[in-house]
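The residues making up each chain are set out below.
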Amino acid sequence: MRVIRAKDYEELSDIAARIIAAQIILKPNAVLGLATGSTPIGTYQGLIRRFKDGKISFSNVRTANLDEYKGLRADHDQSYAYFMRDNLFDHVDIKPENTNIPNGMAENDAKECERYDCVVKELGGVDLQLLGIGKNGHIGFNEPADAFQNGTYCVKLTDSTIQANARFFASADEVPKYAFSMGCGTILAAKSVLLVASGKDKADAIYKTIHGPITPQVPASILQFHPDATIVADEEALSLC
Ligand code: PGA
């Protein structure tokens, strides 16, 4: 696992954007696995800047997002489909038909999980998977659990995640209780993985991810098995390492 220490959020966002831009230049039809949450926003801004400067084009890029809340429509302003349009897709030349995200309104959970696994497979797998990390070590919505999940599944969110995400909703009661998420198996199958982390809140999770035992209680720890995983984190997130 490669660890890149950035001095602050701005620097970590710039480094992460540079790594993703390099992937797009190297392979213009790359499959990017994308993440939501507050941490990747600066990375997306760095990508938008490079697009506007004419350095990269998303015209052949394909994407598969990690997860989506169950029960939110794609036009709900807290859905991850909305987040992706707002923070990246609407600002670059990506083709909407080349973007993929689980359908939070699917009627049949098992069928939606199967469909999404097929989508990733038909894309030929993910070239570069961007990840944030939860305070509890989650990646995507892979919460601490007794076992690692392989493919896409419908997951019950933990209280810690619901509380962390309540800031985006009127109250914690309005945060959906379930989500569709790629499993750790799918994440591990990406050719390369780039995890971004910022702030003291993440220091414990980052320490356990890098130095702790590999355990489904800290889902990100599975990245120790990945042959091409990079963590870009700021001083605060790396303060225990
Ligand atoms: P954050 O979320 O970037 O908003 O802290 C990360 C995550 O929960 O994966």
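Model, not experiment: these values are computed from the prediction. (Residues numbered from 1 in each chain as written. Predicted model: local features only at pLDDT ≥ 70, side-chain atom pairs only at ≥ 80, totals over all residues. Heavy atoms only, no water.)

Caption draft 1: The packing of aromatic side chains, seen in detail. In this structure the tally under the stated criterion is four aromatic pairs. Ring geometry for Y69 and Y80: centres 4.8 Å apart, planes at 40°, overall tilted. On the criterion of sequence distance, the pair formed by Y69 in strand β4 (residues 67-69) and Y80 in helix α3 (residues 80-87) is long-range, its members being 11 residues apart. By relative accessible area, which is 10% here, Y80 ends up buried. Centre to centre, the rings of Y80 and F141 are 6.0 Å apart; their planes meet at 15°, and the pair counts as stacked. In this pair, Y80 is assigned in helix α3 and F141 in the loop between β6 (128-131) and β7 (153-156), connecting sequence segments 61 residues apart. Considered together, Y80 and F141 belong to a single accessibility category, that of buried residues. Three or more aromatic residues link up through ring pairs in this structure, and these residues are Y69, Y80, F141 and F169. (Phe/Tyr/Trp six-rings, centres within 6.5 Å; stacked < 30°, edge-to-face > 60°. Helix = DSSP H or I, 4+ residues; strand = E, 2+ residues; numbered from the N terminus. Buried < 20%, exposed > 50% of the residue type's maximum accessible area, 1.4 Å probe, protein only.)

Caption draft 2: Highlighting the sheet that holds β7. Sheet architecture is open: three strands sit in the order β4-β8-β7, paired in antiparallel fashion. Strands at the two margins of the open sheet, each flanked by one partner only, are β4 and β7. Between one strand axis and the next, the sheet turns by 25° as a mean value, whatever way the strands run. Sheet analysis places β4 next to strand β8 (residues 178-181), joined by three bridges and oriented antiparallel. From the neighbouring strand, Y69 faces β8, where its bridge partner is A179. (Pairing = 2+ DSSP bridges. Axes fitted to C-alpha atoms, helices over the stretch in contact; angles between N-to-C directions.)

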